[in-house]
Amino acid sequence: SEERSLNFIEEIVEEDLASGKHGGRVLTRFPPEPNGYLHIGHAKAICLNFGLAKNYSGKTNLRFDDTNPTKEETEYVDSIKEDVKWLGFDWANELYASDYFDKLYEFAVALIQKGLAYVDDSSSEEIAAQKGTPTTAGTPNQYRERTVEENLQLFADMKAGKYADGERVLRAKIDLASPNMLLRDPLIYRIKHATHHRTGDAWCIYPMYDFAHGQSDAIEEITHSICTLEFVPHRDLYNLFIEKLELFPSKQYEFARLNITYTVMSKRKLLQLVEDKYVDGWDDPRMSTISGLRRRGYTPASIREFCERIGVAKRENMIDFSLLEFCIREDLNKTAWRRMAVLDPIKMIITNYPEGQIETLHGDNNPEVEGGEGGRDIPFSNELWIEREDFMEEPPKKFFRLGVGLSVRLKHAYIVKCEDFKKDADGNVTEIYCTYIPESKSGNDTSGINVKGTIHWVSVPHAKTAEVRLYDRLFKVEDPSNEEGDFKDYINPDSLQILPAAYVEPDLANAETGRGYQFIRKGYFTLDKLSTDEKLVFNRTVTLKDGWKA
Ligand code: ATP
Ligand code: MG
Ligand code: MG
């Protein structure tokens, strides 16, 4: 890739390497909570963490941040692993915060023993009220002065299941007057009688994020713990627990989360779209999920390129969806195999081509590559499907397609001249009649005739029927999360258009999942997972040009 200046995280890593901190070692982690499928924002974090490790001869752990039993599922764990691998990254270790439950419990006991944590019997409302406001200090309650022995006993009882959810919590004893509200004796353990996706019913108390994340980093000896800006106020707690527990000094660094126009990017919101059936699952091609983008036909390289181009920002911003489209278009222009497909068909009859005669023409798979990456046979006959929009009853000047008296080249085949057409009782054009010029065959044209337009086509007796799905933005507004009311009120009702009966050239019966196809003049497409031998289904990944208007 091109030379670019270092981003601020790379600068930190280089300084640390130069000063010999951590003995020249770089270990990052990607820490998803398995409570949903990954989205393109996560791809940014993945590229950043794995990319840093790669550039500085380091490693990256995949750590599932699974401390909330009620929202986490194995299905999500599996999908996350699949997505990270698909993006092209290998983790050094597959780890789970839940593997540290014993250690984290011991850390909590150690804090109690140091007089730095206490069991509080107050309700969550009482605790919130006692915390004060940003301008007024909080007020200590009677539980804050419990003895170490009493706290140890109560915490053991919490663990043993003596209490119901919410009856007691363990809090760190820090500073009820701190300007950072998160330091006002934060909750570090809560009671939750729930089955965990890995530890089952072994625990009924679970650590809070702030009591799990930093310590997990420290246990793994992570050198650079990269997270998004909303964790800036958590950094004091991150450092404080590491210091008080005398753990490995991992450090947290924050960057701006990725936001993209016309979409939402929070697992909670994406889950609503799935549960309320606005979309066809987490991998619906309109979703901002990695699995959705994959099904839509995005390639790992295009997503990595997108993440590289947007860089690493320190301030929140909004990236235009069309940049993502630009990246996939660039990639597919180089890699997609060219094919012909007629999305809105109308029949053309070549009146001077012998009925029943079949000719086999040839087209390269990829003209962008030397040698064409092989090719395929394209059958030609006297009846062809062409695109309805390539014919006009009364063509204006400079319409370089078909109308009576006008000529075009049929891609890979001959020049044809339109002689006549037929209409039904409602005035709809049903057939177009042409003559072809036998000496004008592509690659061997001795006709001396020049035409301006070239159109695509598919031979009627050879065509395969396909369902083609065209997608538009899932939302009508740039930032649906920032509008009045519910974000779902801003869903674009026309985000999916299904063409039930397009005609595609016969070789597309051999289309492979995961390969990009350029349907000539129509865009980039890929085979959908619902496609069968009986019924081909294609998704449009992106149009050929950025033709989208607000
Ligand atoms: P969500 O709101 O979508 O659930 P999250 O931050 O709670 O996001 P996690 O599973 O905790 O999701 O995220 C794993 C990692 O990915 C975290 O380090 C998080 O900061 C990062 N991440 C999540 N969303 C984005 C985003 N939009 N841009 C960049 N990084 C992100
Ligand atoms: Mg999170
Ligand atoms: Mg979350």
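Residues numbered from 1 in each chain as written. Chains lettered and ligands numbered in written order. Predicted model: local features only at pLDDT ≥ 70, side-chain atom pairs only at ≥ 80, totals over all residues.

**A short note on the site of ligand 1**
- Among the 15 residues in the neighbourhood of ligand 1, the closest are listed as G41, A45, T228, R257 and K267.
- Contributions of two or more residues to the shell around ligand 1 are made by helix 2 (40-55) and strand 8 (224-228).
- Of the residues assigned to the shell around ligand 1, the class counts are six nonpolar, four polar and five charged. (Near = placed C-beta within 6 Å. Helix = DSSP H or I, 4+ residues; strand = E, 2+ residues; numbered from the N terminus. Nonpolar A, V, L, I, M, F, W, Y, C, P; charged D, E, K, R; others polar.)

**Some thoughts on the nonpolar core**
- One finds I46, A341, V342, W457, V458 and V504 to be the most contacted residues of the largest nonpolar core, which totals 92 residues.
- Among the elements that line this core, the one with the most residues is helix 2, at nine residues.
- With near-sequence residues (within four places) excluded, I46 lies in contact with F30, V84, L87 and F89.
- Within the second largest apolar cluster, 30 residues are counted, among which are I112, L154, A172 and I188. (Core = buried A, V, L, I, M, F, W, Y, C linked by C-beta atoms within 7 Å. Buried ≥ 20, exposed ≤ 12 C-beta atoms within 10 Å, placed from the backbone. Contact = placed C-beta atoms within 7 Å.)

**Re the UniProt feature "binding site: L-glutamine" (unreviewed entry) in the chain**
- In the numbering used here, UniProt assigns the feature "binding site: L-glutamine" (unreviewed entry) to D65 and Y209. These residues run over 145 residues, yet every pair of their C-alpha atoms falls within 8.4 Å of each other.
- Within the secondary structure, D65 is located in the loop between strand 2 (59-64) and helix 3 (74-86).
- You can call D65 buried: it has 21 C-beta atoms within 10 Å.
- Excluding anything up to four places from it in sequence, D65 contacts P31, P32, E33, A97 and H213.
- Checked against the element boundaries, Y209 lands in helix 7 (residues 209-220).
- Y209 gets classed as partly exposed once you count the C-beta atoms within 10 Å, which come to 17. (UniProt positions renumbered as here; feature names shortened; annotations may be inferred.)

**Looking at helix 6 (residues 148-160)**
- With 13 residues, helix 6 ought to run about 18 Å at 1.5 Å a step, and its terminal C-alpha atoms sit 18 Å apart, in line with that.
- Looking only at helix 6, the buried set comprises N151, L154, F155 and M158. Each buried residue of helix 6 sits inside an arc of 100° when the element is viewed along its axis, so together they form one side. Projecting away from the buried face of helix 6 at angles above 90 degrees are the exposed residues E149 and A160.
- Note on helix 6: the residue one or two positions beyond its end, G161, has a positive phi of about 90°. (Expected span 1.5 Å × (residues − 1). Arc of directions from axis to C-beta.)

**Quick word on the environment of K423**
- Along the chain, the position of K423 falls in strand 17 (residues 415-423).
- When sequence neighbours within four positions are dropped, the list of residues in contact with K423 reads N428, V429 and T430.

**Some words on the packing of helix 7 against helix 8 (residues 235-244)**
- Taken N-terminus to C-terminus, the directions of helix 7 and helix 8 make an angle of 60°; their axes are 9 Å apart at the nearest point. In terms of orientation, helix 7 lies oblique with respect to helix 8. For helix 7 against helix 8, the interelement crossing comes out right-handed. Contact with helix 7, carried on its side by D210, F211, G214, Q215 and A218, involves L237, Y238, F241 and I242 of helix 8 and no other residues of that element.
- For the contact of helix 7 with helix 8, the per-class residue count stands at six nonpolar, two polar and one charged. (Axes fitted to C-alpha atoms, helices over the stretch in contact; angles between N-to-C directions. Parallel < 35°, antiparallel > 145°, perpendicular 65-115°, else oblique. Left-handed = near helix turned anticlockwise from the far one by under 90°.)

**So, the domain arrangement of the chain**
- Considered domain by domain, the chain is made up of domain 1 (8-255), domain 2 (267-337 + 466-542) and domain 3 (344-456).
- Here the C-alpha centre of domain 2 lies 34 Å away from the C-alpha centre of domain 1.
- The interface is formed by 19 residues belonging to domain 1 together with 18 residues belonging to domain 2.
- Broken down by element, the side of domain 1 that touches domain 2 gets its largest block of residues, five residues, from helix 2.
- Classifying every residue of the side of domain 1 that touches domain 2 gives 12 nonpolar, five polar and two charged. (Domains from an automatic or database assignment.)

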